[in-house]
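Overview (structure and organization)
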2 protein chains.
Amino acid sequence: MSDQPSAAVLIIGDEILSGRTQDTNLNVIARFLADLGVDLQEARTVGDGHDRIVEALDALRARYDYVITTGGIGPTHDDVTAEAVAAAFGVDLPFHPEALAILERRYDGDFNAARRRMARIPQGATLIRNPVSDAPGFQIDNVFVLAGVPQIMTAMLDDVRPRMRTGRVKVERAAVVSGAGEGLLAAPLEAAARARPDLSFGSYPRFAEGGWGVKLVVGGRDVAAVDAATRELLDLLREAGVPKAEVVDA
Amino acid sequence: MSDQPSAAVLIIGDEILSGRTQDTNLNVIARFLADLGVDLQEARTVGDGHDRIVEALDALRARYDYVITTGGIGPTHDDVTAEAVAAAFGVDLPFHPEALAILERRYDGDFNAARRRMARIPQGATLIRNPVSDAPGFQIDNVFVLAGVPQIMTAMLDDVRPRMRTGRVKVERAAVVSGAGEGLLAAPLEAAARARPDLSFGSYPRFAEGGWGVKLVVGGRDVAAVDAATRELLDLLREAGVPKAEVVDA
């Protein structure tokens with residue numbers, strides 16, 4: 001593991017790939033990891049198929065310090081994530097006593113077979129707390145298995161945070177330019193980037209009120225360097241005759 | 001290639017993995033492919049790094065009939081997708097005469113080096129029309145390389161559509177249940193699914209007005225079978241004492 005922890009996200013769900021559902025979990029997790037200084041380097045989306053989940057999970061958990069999965073841990077037959085994770089790790093999927101107790105309390109008197117499924121946890125995993133609907137997620141080794149419903153997934157992150165090694169948080173500053181296309185900003189942007197090879201410089205065109213605008217984003221882990229680089233970029237833009245650049249939150 | 005064409009999406013952009021931008025392109029492409037009867041089987045998101053793009057692209061283009069990429073084809077130094085695609089295919093990245101002509105017309109008198117970058121197209125690729133801002137995407141073999149800005153990406157799909165082999169479109173019907181958790185629906189849902197192994201049956205809990213609701217989705221390529229299976233599912237739900245299920249658009 002490098003000093004800066006790395007991570008991947010694995011989104012599991014047919015509904016994302018069919019287009020019926022717009023995923024929002026990746027964005028929530030991306031911001032969660034950014035705040036912890038963990039580098040999110042890749043995300044994958046697969047359907048609710050056992051083999052595809054195992055394959056993607058094995059590729060990601062071998063490569064990154066952490067993997068966060070979302071989806072497929074509910075009570076219905078199409079929820080196959082727990083089985084796939086157990087298969088990937090080569091462990092059994094027994095009923096977890098604490099998970100059984102949690103669910104038994106919630107579904108007092110109505111704790112049927114489908115709901116018991118949600119207490120099957122890969123051997124050796126620890127539970128991740130679900131303050132919304134109780135049915136827990138779990139952590140096994142470097143993999144965090146969370147629910148797919150956004151409200152539940154987000155709430156589970158509170159119990160993931162203290163388990164992660166943190167890194168230096170990346171700081172970003174943005175300069176917004178209106179009334180000039182990316183093509184006019186490219187040269188000063190590249191000049192600024194060459195002067196600071198340790199920082200990242202991105203250009204993001206977008207439709208804005210009154211036409212096209214461009215957001216130039218300077219990023220890095222050293223606040224002073226990022227601030228200095230942003231000032232240098234503004235100077236270079238001015239020298240290049242770019243009408244108006246304004247520094248905003250990235 | 002099977003009768004039913006398959007596809008993957010590769011989202012390219014640091015801004016998605018940093019959490020600064022919520023991706024919406026995957027959802028648009030997923031619905032586009034669903035309408036064509038093309039099975040979207042996987043999506044990956046990587047940053048604007050040459051090697052990661054090459055690696056993901058090679059994995060996906062070998063496995064699926066089609067790959068659609070978004071992002072990284074603008075004029076600035078952080079746009080490295082064209083170079084990465086050329087490297088993946090082992091071809092040069094020359095200026096494309098038609099792309100040069102298109103861009104020369106657009107940037108009449110202001111066609112600088114950065115804008116010329118957008119006319120570099122992998123050898124052997126054909127251009128994909130961009131009716132929004134002119135700078136073209138391109139197709140090389142089974143890979144379609146589109147812009148990242150949602151408005152441009154969406155407009156480019158019009159020129160992708162006629163190039164794709166289509167399949168049988170998947171039909172989906174949904175039964176929405178209010179006032180009953182997934183755990184109570186799991187048994188009838190699984191019974192319905194077992195009776196129709198050729199169809200897909202999914203369960204999607206969600207917060208709705210007045211509490212939790214569940215959407216049960218039946219899908220397949222044979223409309224009559226999907227409709228029959230949906231009726232069977234409703235009967236099974238009624239028999240199980242589920243308060244009220246209503247058929248809606250999936």
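Note that this is a predicted model, so its numbers are computed, not measured.

When helices and strands are counted, chain A shows nine helices and ten strands. With the C-alpha coordinates aligned to their principal axes, the bounding extent of chain A is approximately 70 × 40 × 30 Å. Residues classed as buried in chain A amount to 55% of the 250 residues present. For chain A, long-range pairs separated by at least 24 residues make up 69% of all intrachain contacts whose partners lie at least 6 apart in sequence. A total of about 10,500 Å² of accessible surface is found on chain A, and carbon and sulfur atoms cover 49% of it. Charged side chains of chain A number 27 positive and 36 negative; the gap between the two group centres comes to 2 Å.

The side chains of a regular strand alternate between the sheet's two faces. Residues and elements named next belong to chain B. On strand β5 (residues 137-140), burial covers both faces: G137 and Q139 on one face and F138 and I140 on the other are all buried. Note: strand β4 (residues 126-128) against β5, three bridges, orientation antiparallel. Each residue of the ladder has a partner; that of L127, found in β5, is F138. The pairing of β5 with strand β6 (residues 143-146) spans three bridges and is antiparallel. Each bridged residue has a counterpart across the sheet, and for Q139 the counterpart in β6 is F144.

Now for the domain arrangement of chain A. In terms of domain boundaries, chain A breaks down into domain 1 (6-163) and domain 2 (171-249). Summarising the inter-unit geometry, the C-alpha centres of domain 1 of chain A and domain 2 of chain A are found 38 Å apart.

Grouped together as the largest cluster of nonpolar side chains are 122 residues, with contacts concentrated most on L33(A), M164(A), L33(B) and M164(B). In this structure M164(B) touches F32(B), L33(B), L36(B), V38(B), Y66(B), I68(B) and F144(B), once residues within four positions along its chain are discounted. Formed by 20 residues, the second largest nonpolar core is a distinct cluster that contains F201(B), V226(B), L233(B) and L234(B).

The rules behind each value
- Residues numbered from 1 in each chain as written.
- Chains lettered and ligands numbered in written order.
- Predicted model: local features only at pLDDT ≥ 70, side-chain atom pairs only at ≥ 80, totals over all residues.
- Heavy atoms only, no water.
- Helix = DSSP H or I, 4+ residues; strand = E, 2+ residues; numbered from the N terminus.
- Buried < 20%, exposed > 50% of the residue type's maximum accessible area, 1.4 Å probe, protein only.
- Contact = heavy atoms within 4.5 Å.
- Areas by Shrake-Rupley, 256 points an atom, 1.4 Å probe, with all protein chains shown as cover.
- Lys, Arg positive; Asp, Glu negative; His and termini not counted.
- Charge placed at Lys NZ, Arg CZ, Asp CG, Glu CD.
- Pairing = 2+ DSSP bridges.
- Domains from an automatic or database assignment.
- Core = buried A, V, L, I, M, F, W, Y, C linked by side-chain atoms within 4.5 Å.

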